[in-house]
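The primary structure of each chain is shown beneath.
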Amino acid sequence: MRFKELLGNRILFFDGGMGTLLQERGLQTGEIPETWNILHPEVIRRIHKEYLSAGCNVVTANTFGVNAFKCKGLGYTVDELVTAGIRLAREAIEEVRGEYDHPMYVTLDIGSIGKLLKPLGEISFDEAYNTFKEIVAAGDKAGADLILIETVSDSYEIKAAVLAAKENSDLPVVVTMIFDENGKLLTGGDVASATAMLEGLGVDAIGFNCGLGPEQMKNLLPQLTACCSLPIVINPNAGLPVVVNGQTVYNVEPDAFAGSVRTLVEMGASAVGGCCGTTPAHIRRVVELCGKMNIQPITDKQLTVVSSYNHAVYFTRKPLIIGERINPTGKSKFKQALRDHDMEYIYKEGLAQEENGAHILDVNVGLPEINEPQLMEEAVTGIQAIIDLPLQIDTSDIEAMERGLRYYNGKPMLNSVNGKKESMERVFPIAKKYGAVLVCLCLDEGGIPETVEGRLEVAEKIMKTAAKYGIPKKNLVMDALVLTISTGQDNANITLETLRRIRYELGLHTVLGVSNISFGLPERSRINTAFFTMAMNNGLSAGIVNPSSEPMMAAYYSFNALIGEDDQCMEYIAKASLQTADKPDTISRKKELTLDEAIVKGLAEGAHEATIKLLEQNTDSLTIINEKLIPALDVVGKGFEEKKMFLPQLLMSADAAKASFEAIKATLSKQGKNSESKGRIVIATVKGDIHDIGKNIVKTLLENYGFEMIDLGKDVDPELILKTVQEQNIKLVGLSALMTTTVVNMEATIKLLRENHVDCKVMVGGAVLTQEYADMIGADFYSKDAMGSVRYANDLHDKGEL
């Protein structure tokens, strides 16, 4: 039977770690494990056979680190390493097939590229996609049975990998992600948001691997089972890493590991295996203990959900607010901003709606005289970099629709499709491909039906046709359509009755563009507010409204309190208090942002302009830095540490601060002065490791706090670090490592510095590190996140040690 036929119907077992086993068999520090597919094929084949003999169903080809970036200068191509890796796994299966009767499959193993995607990093979404496409094509051609995308901690990179897999292969796709103990990806995504996106993209199974041991994963699994309608795959580490006699080891033994994994199966895992530190002995014990277990049935949670990069928004009994302001219709200033390519105007509109209570933002940038597809892509990528609300892509242009959905980091809404045959044929395939929640308009070739029954017939036609494209009811949100009461006194009643019957008879969630009801009438907000309340009472799931309208939002919060969807009326009380208190104007009413506001909100152009204005007012540059810029960065840093802000916001704020610094430097240069440095720091990713995401994040933040960074890059030899420190009298070194096979080089680097009696501190960080591990290898400071490194460097500076 094929893998997909068994997945979710019986328990399946993945294999365990590869890197630590290769180290035991001679892999040298800094050596690329995947080259052993060609240099030592017998070793790779033997490891696969050991896992198969332990009872595993899925052997993971030794291709985890293969990509075009890593292969540069390596002497082997992606195709050569992937083909050899798949062949060895396949040969191992053929050699043992007569000995064992359990199903056996080969998975193409795809890991992270090791780089953040733009605008946070250095490579584009398309570059990431093409990198993964090359790997997928090689694996598919070589004969893999499935694709495993694992140990990825950025949802945007995950999306690029999944699209590459789905568009260039028909193989099943399994995605296991690396979350921290708080249930967060590196870039801030949570379990629910990642699951929503992946289910929408049509992967076959979702789960966790690496980073945590089985006990820690027990705490996260309930979050996944609550929202996931697919089989769940869990591949934990054998605990957390420690150093014993100079070697990285994991301290959870096979019996304890298997006992914990059994609990994970009882909690809802459909397939289990291991990651770092696990061996054939671990997998053998897991098979012995779990092999006869029945898995929990896979059930569709029937959730209508959209997501941004960091959180999911569910359609429930409590209505949602979709902000309508990023739309040129009837807005002359917005139209001019689009013509002038004034993107920060668009971003400010989004920020204002976020501050005023929107849950989702509608994004419409359509004007006849502009390139809508290009601007849609730019608007989506720009907005999602600084605002963490889900987006509703609003366009009738199919190319703009495709580009907006493709470059969106999450599960979007799509506005819209209607009951016309042409519309459904064009829109449904795109909506299905990207998993969008689709706004469906109750009109067809006959126009907007004048009766309730007519609109219901269109709704049912759309629903039935969507099902033929594989789009379930839960991904449809029906728009009953609003016609102004100024042209028909019964228009509101028709809409409200249609709304009620769609919601409670057809079982679909609903949406309305509320303000259309008052078109052509004076004092429109009065009509809008009354109608909005009536609509919510008749089953409106989401209203497309202006969140800056106090009457509309007052009606919204009052309604929630009245229907029991506001616990202890706390949300109503909080909003009422804000409206009655003396408060500054919201961002939407401000002509200009202050420097600290621009930095906190990640608006680089605004930060640059605010800095220029302060300098023109003869404000001293040090005053700007110390009283405006650094305090703003501290606000963002504190928010990041408290899990209230996330990596994209942190990095966009860093870019805004950089823009401010550039303005200051330019002014000082004209005056013949130089900006002062707080000290020089050497930073590097250790030898053998090409992953530089963490290093680059720390570098960016430290530069913004006034430190001069000497970036030695990735895969850096310990001797080069020592030489640089000695020649430039460096007092602080930052070392990063992601892989278990390379953290030993971190210890080697620290040891070399100590042996040469270099007077410098060493701070370390990386996904596989812990405080205990850092202490064992002699580091002076361990930081679990980038802001910790900033705090440590500032402390050393304040003490005069840097």
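Up top you'll find the structure we're talking about.
The model shown is predicted, which means the values in this text are computed figures rather than measured ones.

**Student:** Honestly, the side chain of Glu 344 in this entry has me stumped. Any pointers?
**Tutor:** Of note, Glu 344 is situated in helix H14 (residues 343-355). Summary of buried charges: Glu 344 has no salt-bridge partner, and the nearest side chain of opposite charge, Lys 348, is 4.9 Å away. A distance of 3.3 Å separates a polar side-chain atom of Glu 344 from the backbone nitrogen of Ala 604. When sequence neighbours within four positions are dropped, the list of residues in contact with Glu 344 reads Leu 603, Ala 604, Glu 605 and Gly 606.

**Student:** Could you clarify how one ought to interpret the environment of Gly 672 in this entry?
**Tutor:** You can see Gly 672 is positioned in the loop between helix H26 (647-670) and strand S21 (680-685). For Gly 672 and Val 203, which are 469 residues apart along the polypeptide, the C-alpha to C-alpha distance reads 58 Å.

**Student:** Even after reading the chapter, I still don't get a nonpolar patch on the surface, so can you show me in this structure?
**Tutor:** Together, Met 570, Tyr 572 and Ile 573 make up an exposed nonpolar region whose accessible area comes to about 290 Å². You can see Met 570 is positioned in helix H22 (residues 570-580).

**Student:** Just to check I follow, could you spell out the side chain of Ser 416 for this structure?
**Tutor:** With respect to the helices and strands, Ser 416 occurs in strand S16 (residues 413-418). A distance of 3.3 Å separates polar atoms of two side chains, one belonging to Ser 416 and the other to Asn 415. Those residues in contact with Ser 416, other than ones at most four positions away along the chain, are Thr 395, Met 401, Val 427, Leu 438, Val 439 and Leu 441.

**Student:** Hey, could you run me through the packing of helix H25 (residues 621-641) against helix H31 (residues 786-798) in this one?
**Tutor:** To describe two helices that pack against each other, one gives the angle between their axes and the distance between the axes. Two elements in contact, H25 and H31, have axes separated by 9 Å at closest approach and are oriented at 130°. Between H25 and H31, the angle falls in the class oblique. Here H25 runs over H31; the crossing is left-handed. Along the contact surface, H25 presents Asp 634, Gly 637, Lys 638, Phe 640 and Glu 641, while H31 presents Ala 786, Met 787, Gly 788 and Arg 791. Taken together, the residues of the contact of H25 with H31 sort by class into three nonpolar, two polar and four charged.

Rules used in this analysis
Residues numbered from 1 in each chain as written. Predicted model: local features only at pLDDT ≥ 70, side-chain atom pairs only at ≥ 80, totals over all residues. Heavy atoms only, no water. Helix = DSSP H or I, 4+ residues; strand = E, 2+ residues; numbered from the N terminus. Buried < 20%, exposed > 50% of the residue type's maximum accessible area, 1.4 Å probe, protein only. Lys, Arg positive; Asp, Glu negative; His and termini not counted. Salt bridge = Lys/Arg side-chain N within 4 Å of Asp/Glu carboxyl O. Polar contact = N/O pair within 3.5 Å; in protein donor to acceptor, adjacent residues only side chain to side chain. Contact = heavy atoms within 4.5 Å. Patch = residues over 30% accessible without salt bridge, like charges linked within 9 Å, V, L, I, M, F, W, Y side chains within 5 Å. Areas by Shrake-Rupley, 256 points an atom, 1.4 Å probe, with all protein chains shown as cover. Axes fitted to C-alpha atoms, helices over the stretch in contact; angles between N-to-C directions. Parallel < 35°, antiparallel > 145°, perpendicular 65-115°, else oblique. Left-handed = near helix turned anticlockwise from the far one by under 90°. Nonpolar A, V, L, I, M, F, W, Y, C, P; charged D, E, K, R; others polar.

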